[in-house]
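Listed below are the residues making up each chain.
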Amino acid sequence: MIPPSPFEAQLAAKPLTRQSLAVRGGTTELWIYGPAGIHPDAAVTTILLVHGFRGDHHGLEPVAAQLQGYRVIVADLPGFGISTPLGAKHDITAYSAWLRELVDQLRSSGDIGSDFVVLGHSFGSIIVAAALADGLAATEVVLVNPIAAPALSGPRGILTRLAVFYYKVGAWLPQKLGFAWLRLSIVTRFISITMAKTKDSGLRRWIHSQHHQYFGAFSNRAVVVEAFEASVSNDVSEFAAQISPPTLLVAGDKDDITPVAAEERLAALIPDARLVVLAGVGHLIHYERPVEAAAAIETFLGEKRLA
């Protein structure tokens, strides 16, 4: 039996519109919570959420459920979930171009107005940072569990090295076998157990179920191998100096990928940044602490609008 989402009722109460857009050689799938369309000058804040590596839009739904009074758009990254791959290698340059073109299309259609916030989680934080450095315009930026430093330098760098080996084997094996290898459920469960920090048994079961259902939802072997290489070859600090909008960083003090000290260094590199550290949570803030994350986001956006 699939455990029910603790946030299902809140999400179901929000108006939902679905869209499919042709972006850079692929089709990007969107879930839009809020009004179906807005005038570019309307006083509506739109927040676009960009998920992390091997996830899809489901992972950020708990955060979307908590954000009240905003128009929230969640996309499946190209090649993940039900979005199709790009017509190019899935490196950080291509993902940056994808995000910028996606936003341009949404602006043209009136689905994004003048008050626009972009949020990236984990690998999504790198994509967002690269896009901002490449000219993406946003009113504010939110980075949740940002990858603040090279992955191999994290507190569990040995696990990253094992992951590099795992993906190299997946790329080396014959196509069909390599695809199956990269979707091994035992590996997904190990990652989920390692990352989850909550002591709530019901919440842990739901997190493991989410990973089991969606962590293998990638289009093909090339997509996931290329995206993995992009995720461990880049980090937000490379683009930090070029992130000009006010930026909120939301980190966990038990994050096994990026320690708090690295997040503090990243905050110092971004011209206008604030860091909020949540206690007792790691790299799964979006699953374990979406209420607190949304509260931090709403406080940040509210203060900036009153300034």
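Residues numbered from 1 in each chain as written. Predicted model: local features only at pLDDT ≥ 70, side-chain atom pairs only at ≥ 80, totals over all residues. Heavy atoms only, no water.

Undergrad: Quick question: what am I supposed to make of helix α7 (residues 185-195) here?
TA: Owing to its 3.6 residues per turn, the α-helix aligns residues three or four sequence positions apart on the same side. Those residues of α7 that fall on the buried side of the exposure criterion are Thr-188, Ser-192, Thr-194 and Met-195. Buried residues of α7, viewed axially, fall in a sector of 165°; they line one side. More than 90 degrees from the buried face of α7, the exposed residues found are Ile-186 and Phe-190. (Buried < 20%, exposed > 50% of the residue type's maximum accessible area, 1.4 Å probe, protein only. Helix = DSSP H or I, 4+ residues; strand = E, 2+ residues; numbered from the N terminus. Arc of directions from axis to C-beta.)

Undergrad: When you look at the sheet that holds strand β7 (residues 247-252) in this model, what are you seeing that I'm missing?
TA: Working definition: the strands of a sheet are paired by backbone hydrogen bonds and lie parallel or antiparallel to each other. With mixed pairing, eight strands are arranged side by side in an open sheet as β1-β2-β4-β3-β5-β6-β7-β8. Bordering the open sheet on either side are β1 (16-23) and β8 (273-278), each of which pairs with just one other strand. Strand-to-strand, the axes of this sheet are offset by a mean angle of 20°, without reference to chain direction. As defined by bridge partners, strand β3 (residues 46-50) adjoins strand β4 (residues 71-75) across five bridges and the pair is classed as parallel. Its bridge partner lying in β4, Leu-49 is registered against Val-74. Against the sheet, helix α3 (residues 92-108) contacts β1, β2 (26-33), β3, β4 and β5 (116-121), and its axis sits at roughly 125° relative to β1. (Pairing = 2+ DSSP bridges. Axes fitted to C-alpha atoms, helices over the stretch in contact; angles between N-to-C directions. Contact = heavy atoms within 4.5 Å.)

Undergrad: Help me understand the pattern of salt bridges in this model?
TA: Close approach of charged atoms allows side chains with opposite charge to pair. Here the structure, examined in full by the defined rule, presents seven salt bridges. The partner of Glu-101 in a salt bridge is Arg-24, with the nearest N and O atoms 3.4 Å apart. Placement of Glu-101 in helix α3 and of Arg-24 in the loop between β1 and β2 is noted, with a sequence separation of 77 residues between them. For Arg-24, a relative accessible area of 43% gives the class partly exposed. (Salt bridge = Lys/Arg side-chain N within 4 Å of Asp/Glu carboxyl O.)

Undergrad: How should the packing of α7 against helix α8 (residues 201-214) be read in this particular structure?
TA: Pairs of packed helices are described in terms of their axes, by the angle between the two and the distance that separates them. Following both chains from N to C, one finds α7 and α8 inclined at 140°, their axes separated by 9 Å at the closest point. Relative to α8, α7 is oriented oblique. In this structure, α7 meets α8 at a crossing whose hand is right-handed. Residues Ser-185, Thr-188, Arg-189, Ser-192 and Ile-193 of α7 pack against Arg-204, Ile-207, His-208, His-211 and His-212 of α8. For the contact of α7 with α8, the per-class residue count stands at two nonpolar, six polar and two charged. (Parallel < 35°, antiparallel > 145°, perpendicular 65-115°, else oblique. Left-handed = near helix turned anticlockwise from the far one by under 90°. Nonpolar A, V, L, I, M, F, W, Y, C, P; charged D, E, K, R; others polar.)

Undergrad: Please clarify how helix α4 (residues 123-133) should be interpreted in this entry.
TA: With ten of its eleven residues buried, α4 lies for the most part within the structure. When α4 is considered as a whole, its buried residues turn out to be Phe-123, Gly-124, Ser-125, Ile-126, Ile-127, Val-128, Ala-129, Ala-130, Ala-131 and Leu-132. Turning to α4, the residues buried within the fold contact β3, α3, β5, β6 (140-144) and α9 (221-233). Of the residues one or two after α4, Gly-135 is the one with positive phi, at around 115°.

Undergrad: Could you clarify how one ought to interpret unusual backbone geometry in this entry?
TA: Excluding glycine, a negative phi dihedral is what most residues carry, and trans is how most peptide bonds are arranged. Backbone geometry places Arg-24, a non-glycine residue, at a positive phi of 50°. In this structure, Ser-122 is a non-glycine residue whose phi angle is positive, near 55°. Examined against the element boundaries, Ser-122 turns out to sit in the loop between β5 and α4.

Undergrad: When you look at the side chain of Glu-288 in this model, what are you seeing that I'm missing?
TA: If you trace the backbone, Glu-288 turns up in helix α11 (residues 285-288). The charged side chain of Glu-288 is buried without a salt bridge, its nearest counter-charge being Arg-204 at 6.1 Å. If near-sequence neighbours (up to four positions away) are discounted, Glu-288 is found in contact with Met-195, Ala-196, Lys-197, Thr-198, Leu-203, Ile-207 and Val-281. (Lys, Arg positive; Asp, Glu negative; His and termini not counted.)

Undergrad: Looking at this model, I keep getting lost on the nonpolar core. Mind explaining?
TA: Nonpolar side chains in soluble globular proteins tend to be buried together. Core analysis: the biggest nonpolar cluster contains 57 residues, and Phe-80, Trp-98, Leu-99, Leu-102 and Phe-123 have the highest contact counts within it. Those residues in contact with Phe-123, other than ones at most four positions away along the chain, are His-51, Gly-52, Phe-53, Leu-77, Ile-92, Tyr-95, Ile-147, Ala-227, Ala-230 and Ser-231. Counting 36 residues, the second-largest nonpolar core is a separate cluster that includes Val-63, Val-142, Val-144 and Leu-284. (Core = buried A, V, L, I, M, F, W, Y, C linked by side-chain atoms within 4.5 Å.)

Undergrad: Explain the pairing of β1 here, please?
TA: Two faces make up the sheet, and in a regular strand the side chains alternate between them. Sheet analysis places β1 next to β2, joined by eight bridges and oriented antiparallel. Bridge pairing in β2 links Thr-17 to Ile-32. Counting the residues in the hairpin turn of β1 and β2 gives two residues, including Arg-24, whose phi is positive at 50°.

Undergrad: Is there a simple way to explain the packing of aromatic side chains in this structure?
TA: Two numbers describe a pair of aromatic rings. These are the distance of the centres and the angle of the planes. In the structure shown here, the tally under the stated rule is eleven aromatic pairs. Each ring, one from Phe-53 and one from Phe-80, has its centre 6.1 Å from the other, and the planes form 70°; the classification is edge-to-face. Separated by 27 residues along the polypeptide, Phe-53 in the loop between β3 and α2 (61-66) and Phe-80 in the loop between β4 and α3 bring together distant segments of the chain. Owing to a relative accessible area of 17%, Phe-53 belongs among the buried residues under this scheme. Judged by centre distance (5.4 Å) and plane angle (35°), the ring pair of Tyr-166 and Trp-181 falls under tilted. Here Tyr-166 is found in helix α5 (residues 157-172), whereas its partner Trp-181 is found in helix α6 (residues 175-181), with 15 residues between them in sequence. In this structure an aromatic cluster arises from ring pairing among Phe-53, Phe-80, Tyr-95, Phe-123, Tyr-166, Tyr-167, Trp-181 and Phe-228. (Phe/Tyr/Trp six-rings, centres within 6.5 Å; stacked < 30°, edge-to-face > 60°.)

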